[in-house]
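Residue-level structural notes
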Amino acid sequence: MKSPSFSYVRPTQLSEVMSLLQNHGDNARLLAGGQTLLTTLNMRLSEPGLLIDLQSLQELKGITTVHNMLRIGAMATHAEVAQSALVSQHAPLLSDAAPYIAHQAIRNLGTFGGSIAYGDPAAEWPACLLALDGVVVVASSNSTRRIAAADFFTGLYSTALEQDELIVACEIPIASAQLWTSFHELSRRHGDYAVMGLAAAALPQQHELQQVRLAWIGAGDNPLRTFATEQVLEGQSLSEPLIAQAVACLKTELNPRADMTHSAAAKLHMASVLLQRALKGLLAGASISHIARNS
Ligand SMILES: Cc1cc2nc3c(=O)[nH]c(=O)nc-3n(C[C@H](O)[C@H](O)[C@H](O)COP(=O)(O)OP(=O)(O)OC[C@H]3O[C@@H](n4cnc5c(N)ncnc54)[C@H](O)[C@@H]3O)c2cc1C
């Protein structure tokens with residue numbers, strides 16, 4: 001199928017984008033990498049009258065550090081995130097997750113901001129942002145808001161973005177050298193969307209795990225955390241019995257929805273395997289060896 005006809009603009013100033021959004025309302029759509037939007041247009045799932053192409057906006061590009069935050073411009077592509085030395089130094093979870101996103105051709109065009117705005121529960125970046133306590137910086141002609149990832153994803157493909165707002169960047173606290181992160185995913189074939197995935201983070205401190213965050217991909221309508229399972233681990237020394245306790249808790253807490261290829265029970269089993277992989281990796285890792293010895 002071909003998309004319906006639409007008007008197209010390619011502004012060079014952010015202020016221009018904001019006034020276009022304000023004036024055209026729901027009739028306008030932002031075009032980033034186009035890897036999702038163009039398909040929805042071709043399938044006629046969406047019929048906007050105006051596409052606002054963000055490619056010429058320098059303010060939305062680049063990856064930098066600002067104070068104690070890693071700032072990823074909305075138009076940074078998945079490939080740029082994957083190759084960024086700043087990302088691998090300050091948010092290595094993203095470097096680990098990047099190869100799981102689609103294929104190289106899509107990673108070359110698709111953008112970080114586009115993925116966050118789309119809010120697909122099977123996508124990698126939203127769960128990573130949640131695990132890393134990230135913030136989404138959004139702007140309209142009237143204001144700039146900073147929305148915690150925990151409040152940004154509100155449901156299936158829905159977010160806290162208002163109609164006249166766009167994502168400018170995402171910010172992630174720079175990881176301390178002690179922060180442990182781990183990314184695991186299961187999909188039918190390499191490059192497919194995740195059936196189930198886990199973005200995990202914790203701060204091992206004085207033989208104990210602190211600030212445990214387990215963010216799940218493919219488990220619900222939006223990326224979500226399992227707070228009860230995190231609490232099982234919080235403040236504890238990691239050990240095989242503790243991992244078994246955490247997995248048992250996860251099985252009562254997580255309630256994944258069946259999809260076209262996997263039952264809810266199969267997805268729950270996958271999640272428990274992913275949690276074990278992550279925690280056993282942590283237990284075996286050099287940075288945590290003192291915890292293992294003392295547990
Ligand atoms: C075959 C295939 C496989 C894929 N596999 C995966 C995968 O495994 N994992 C994964 O995460 N993704 C996957 N994707 C999706 C891909 O990552 C997209 O790049 C991403 O979802 C959207 O980014 P985009 O830049 O292409 O956005 P677009 O397609 O241009 O836009 C997507 C939506 O976000 C809005 N938007 C874009 N930028 C902004 C902004 N700055 N502010 C506000 N709204 C904005 C648009 O208006 C649109 O509604 C796949 C895509 C394809 C085609």
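Spatial ordering of the open sheet is given by β1-β3-β2, a layout of 3 strands whose pairing is parallel. Since the sheet does not close on itself, it has two edges, and those belong to β1 (7-9) and β2 (28-31), each with one partner. Strand-to-strand twist across the sheet, computed as the mean angle between neighbouring axes with direction ignored, equals 25°. Note: β1 against strand β3 (residues 50-53), 3 bridges, orientation parallel. The residue of β3 that forms the bridge with V9 is I52.

So, about the nonpolar core. Membership of the largest hydrophobic core comes to 84 residues, with the highest contact counts inside it found for L93, C128, A131, A199, W216 and A271. Residue contributions to this core peak at 8 residues, all from helix α12 (residues 264-284). If near-sequence neighbours (up to four positions away) are discounted, A271 is found in contact with M196, W216, A219, L250, L254 and P256.

Turning next to the site of the ligand. Lining the immediate surroundings of the ligand are 28 residues, of which G33, Q35, G110, G114 and A123 lie closest. Here the shell around the ligand takes 5 residues from helix α7 (residues 112-118), the largest share from any one element. Residues belonging to the shell around the ligand are distributed by class as follows: 16 nonpolar, 10 polar and 2 charged. Residue-level mapping places the shell around the ligand at the junction of two domains, with at least three residues from each of domain 1 (7-53) and domain 2 (58-173).

A few words on the pairing of strand β5 (residues 69-73). In this sheet, β5 lies alongside strand β4 (residues 63-66) in antiparallel orientation, the contact comprising 4 bridges. Bridge pairing links T65 to L70 in β5. Connecting β4 to the antiparallel partner β5 that follows it, the hairpin turn spans 2 residues, and H67 within it adopts a positive phi of roughly 55°. Two strands pair when backbone bridges link them, and β5 and strand β10 (residues 166-173) are joined in this way by 5 bridges, in the antiparallel orientation. Among the inter-strand pairings, M69 is bridged to a residue of β10, identified as P173.

Domain annotation of the protein chain identifies domain 1 (7-53), domain 2 (58-173) and domain 3 (180-294). Taken together, the contacts link 14 residues of domain 1 with 16 residues of domain 2. The biggest single contributor to the side of domain 1 that touches domain 2 is helix α1 (residues 14-24), with 6 residues. Partitioning the side of domain 1 that touches domain 2 into residue classes produces 6 nonpolar, 7 polar and 1 charged.

Below, the discussion takes up the confidence of the model for the protein chain. Averaged over all residues, the pLDDT of the protein chain equals 93, while 97% of them reach at least 70. In this model, residues 286-295 is a region of pLDDT below 50 whose contacts with residues beyond four sequence positions or in other chains number 19 contacts.

The backbone of H67 sits at a positive phi, close to 55°, despite the residue not being glycine. By the element assignment, H67 lies in the loop between β4 and β5. Among the residues examined, H67 registers 8 C-beta atoms within 10 Å and is labelled exposed.

Here we take up the sheet that holds β5. In spatial order, the strands read β4-β5-β10-β6-β7; together these 5 strands make up an open sheet with antiparallel pairing. Edge strands, defined here as strands with exactly one partner in the open sheet, are β4 and β7 (144-148). Sheet twist, expressed as the mean angle between neighbouring strand axes with direction ignored, is 25°.

This part covers the environment of W180. Inspection of the secondary structure assignment puts W180 in strand β11 (residues 180-186). With 88 residues separating them in the primary sequence, W180 and P92 have C-alpha atoms 9.3 Å apart.

What follows concerns the packing of helix α11 (residues 240-253) against α12. Between α11 and α12, the least distance of the axes is 10 Å, while the angle of their chain directions is 155°. Classified by the angle between their axes, α11 and α12 sit roughly antiparallel to one another. Between α11 and α12 the crossing geometry is right-handed. Taking contact as the criterion, the partners of I243, A246, V247, L250 and K251 in α11 are, on α12, L268, A271, S272, L275, Q276, L279 and K280.

Another point: the environment of A85. Residue position: A85 is located in helix α4 (residues 85-90). Between the C-alpha atoms of A85 and S95, which are 10 residues apart in sequence, the distance is 9.2 Å.

The next thing to look at is the pairing of β10. For β10, the buried fraction is high: 7 of the 8 residues fall into the buried class. When strand β6 (residues 135-139) meets β10, the two strands line up antiparallel, connected through 5 bridges. Bridge pairing in β10 places V137 opposite A169.

Cut-offs used in this document
- Residues numbered from 1 in each chain as written.
- Predicted model: local features only at pLDDT ≥ 70, side-chain atom pairs only at ≥ 80, totals over all residues.
- Pairing = 2+ DSSP bridges.
- Helix = DSSP H or I, 4+ residues; strand = E, 2+ residues; numbered from the N terminus.
- Axes fitted to C-alpha atoms, helices over the stretch in contact; angles between N-to-C directions.
- Core = buried A, V, L, I, M, F, W, Y, C linked by C-beta atoms within 7 Å.
- Buried ≥ 20, exposed ≤ 12 C-beta atoms within 10 Å, placed from the backbone.
- Contact = placed C-beta atoms within 7 Å.
- Near = placed C-beta within 6 Å.
- Nonpolar A, V, L, I, M, F, W, Y, C, P; charged D, E, K, R; others polar.
- Domains from an automatic or database assignment.
- pLDDT = per-residue confidence, 0-100.
- Parallel < 35°, antiparallel > 145°, perpendicular 65-115°, else oblique.
- Left-handed = near helix turned anticlockwise from the far one by under 90°.

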